[in-house]
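Examination of the molecular architecture
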Protein chains: 2
Amino acid sequence: MENRMVPEERMTAQACSGHLASVEDAIYVIGGKWKLKIIIVLQESGNIRFNELQRKVEGISARVLSNELKDLELNGFVKRVVHAEQTPVVVEYVSTDYSRTLKPVIGALAEWGKTHKIKIKEEMS
Amino acid sequence: MENRMVPEERMTAQACSGHLASVEDAIYVIGGKWKLKIIIVLQESGNIRFNELQRKVEGISARVLSNELKDLELNGFVKRVVHAEQTPVVVEYVSTDYSRTLKPVIGALAEWGKTHKIKIKEEMS
DNA sequence: CAGGATCCCAGAGGATACTG
DNA sequence: CAGTATCCTCTGGGATCCTG
């Protein structure tokens, strides 16, 4: 479990175009094996409950999903909604507006991943 | 994964699962702590030698850099150029055309990382 | 159902030293 | 300079069981 990212001033002599530091920041928050996948599923699903989410993010364990959700909530990508008026209590997860700012990133990654897979397939034939 | 993917708005459920899988593919190849950073430095540097590369990718050890470079070379993102005519032998690394197909991904990530950092800073003040 | 508590492991990655 | 070789740490993450 990470905490919130606290940006430091990285004043490297050759800070390049700044792309490097920004990409680093991005990777710090949404990097890892699961975060983007969870975000995508959440965006596709609207409100969704824990177990269904676990089913849709294939391969993830309850423990890891729980940890990732806490992390994503801390960073404002997902909101945990508890419906206390019902019994048993229903918990739902919803993607936030802020998570939608990741659309370009997800779009670019998906597009690249798609063409990359095609390239790999061609190389194997 | 043969379904058409529209990177923009309104997607079908199938396009979405394709989205998920494609992002997964992308993360598989360019995920991790160092790969994208190395690729960025490589793209910004033209030809570059091992030790200088290590200096520019701050914090990376020689062992890890060596491993990552092998991996990146296998996947066609970097070319290892040996100038055997010189003594001592000079080795240079160059980013490939294929690595340039990552530009949109890097651009999106950098842009998002930049605004995210600004957002975090504002929240702290 | 929605997780928490434990235990455990592989593998990513760091530190240091060494070599052709 | 361009890496290798060791060794070692750390943590992401799997498996399993437990509970309100």
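Rules used in this analysis
- Residues numbered from 1 in each chain as written.
- Chains lettered and ligands numbered in written order.
- Predicted model: local features only at pLDDT ≥ 70, side-chain atom pairs only at ≥ 80, totals over all residues.
- Heavy atoms only, no water.
- Pairing = 2+ DSSP bridges.
- Helix = DSSP H or I, 4+ residues; strand = E, 2+ residues; numbered from the N terminus.
- Contact = heavy atoms within 4.5 Å.
- Axes fitted to C-alpha atoms, helices over the stretch in contact; angles between N-to-C directions.
- Least-squares fit on C-alpha atoms with pLDDT ≥ 70 in both.
- Salt bridge = Lys/Arg side-chain N within 4 Å of Asp/Glu carboxyl O.
- Buried area = accessible area lost by both parts, 1.4 Å probe.
- Polar contact = N/O pair within 3.5 Å; in protein donor to acceptor, adjacent residues only side chain to side chain.
- Nonpolar A, V, L, I, M, F, W, Y, C, P; charged D, E, K, R; others polar.
- Parallel < 35°, antiparallel > 145°, perpendicular 65-115°, else oblique.
- Near = heavy atom within 4 Å.

Residue and element names in this part refer to chain B. Here we have three strands laid out as an open sheet, ordered β1-β3-β2, and antiparallel in their pairing. Unpaired on one side and paired on the other, β1 (48-49) and β2 (78-83) mark the two borders of the sheet. When β2 meets strand β3 (residues 90-95), the two strands line up antiparallel, connected through six bridges. Looking at the pairing, H83 lines up with V90 of β3.

We now examine the sheet that holds strand β3 (residues 90-95) of chain A. Residue and element names in this part refer to chain A. The three strands lie next to each other as β1-β3-β2, forming an open sheet whose pairing is antiparallel. The sheet is open, and its two edges are formed by β1 (48-49) and β2 (78-83), each paired on a single side. Its contacts with the sheet put helix α2 (residues 35-45) on β1, β2 and β3, and the angle it makes with β3 is roughly 100°.

Another point: the relation of the copies chain B and chain A. Of the two same-sequence chains, chain B is brought onto chain A (RMSD 0.2 Å, axial shift 0.0 Å) by a rotation of 180°. Such a turn and shift between the copies fits a two-fold axis. Most of the interface of chain B is mirrored in chain A, where 84% of its interface residues again form contacts.

This next bit is on the pattern of salt bridges. Tallied over the full model, the rule gives 12 salt bridges over all chains. Residues joined in a network through salt bridges with shared partners are A:K35, A:E68 and A:D71.

A few words on the interface of chain B and chain A. Between chain B and chain A, the residue contacts involve 45 residues of the former and 48 residues of the latter. When chain B packs against chain A, close to 4200 Å² is buried across both sides, 69% of that on carbon and sulfur atoms. It is B:L20, B:W112 and B:K117 that lose the most area in chain B upon contact with chain A, and together they represent 16% of the buried surface on that side. In this structure, A:K117 and B:D25 form a salt bridge, with 3.1 Å as the shortest nitrogen-oxygen distance. Where chain B packs against chain A, one counts eight residue pairs in polar contact (both at pLDDT 80 or more). Every element with two or more residues in the side of chain B that touches chain A is listed here: α1 (13-30), α2 (35-45) and α6 (103-124) of chain B. With 16 residues, the top contributor of residues to the side of chain B that touches chain A is α6(B). Within the side of chain B that touches chain A, the residues separate by chemical class into 25 nonpolar, eight polar and 12 charged.

Moving on to the packing of α2(A) against helix α6 (residues 103-124) of chain A. Residues and elements named next belong to chain A. Put simply, α2 and α6 touch, their axes get as near as 12 Å, and they point 110° apart. By the angle between their directions, the pair α2 and α6 is classed as roughly perpendicular. Note on element contacts: α6 touches α2 through K103, I106 and L109, opposite L36, I39, I40 and Q43. Tallied by class, the residues present in the contact of α2 with α6 amount to five nonpolar, one polar and one charged.

Let us now look at the protein's contact with DNA strand D. Looking at DNA strand D, there are 17 residues lining it, with A:K33, A:R63, B:R49, B:R80 and B:Y93 nearest. The contact in question runs from a phosphate oxygen of DNA strand D to an N or O atom on the backbone of B:F50, over 3.4 Å. Interatomic distance of 3.2 Å between a backbone N/O atom of B:V91 and a phosphate oxygen of DNA strand D. Listing elements by their share of the surface near DNA strand D, those giving two or more residues are α4 (62-74) of chain A together with α3 (50-56), α4 (62-74) and β3 of chain B. Broken down by class, the residue content of the surface near DNA strand D amounts to six nonpolar, four polar and seven charged.

Coordinates in, geometry out; function isn't part of it.
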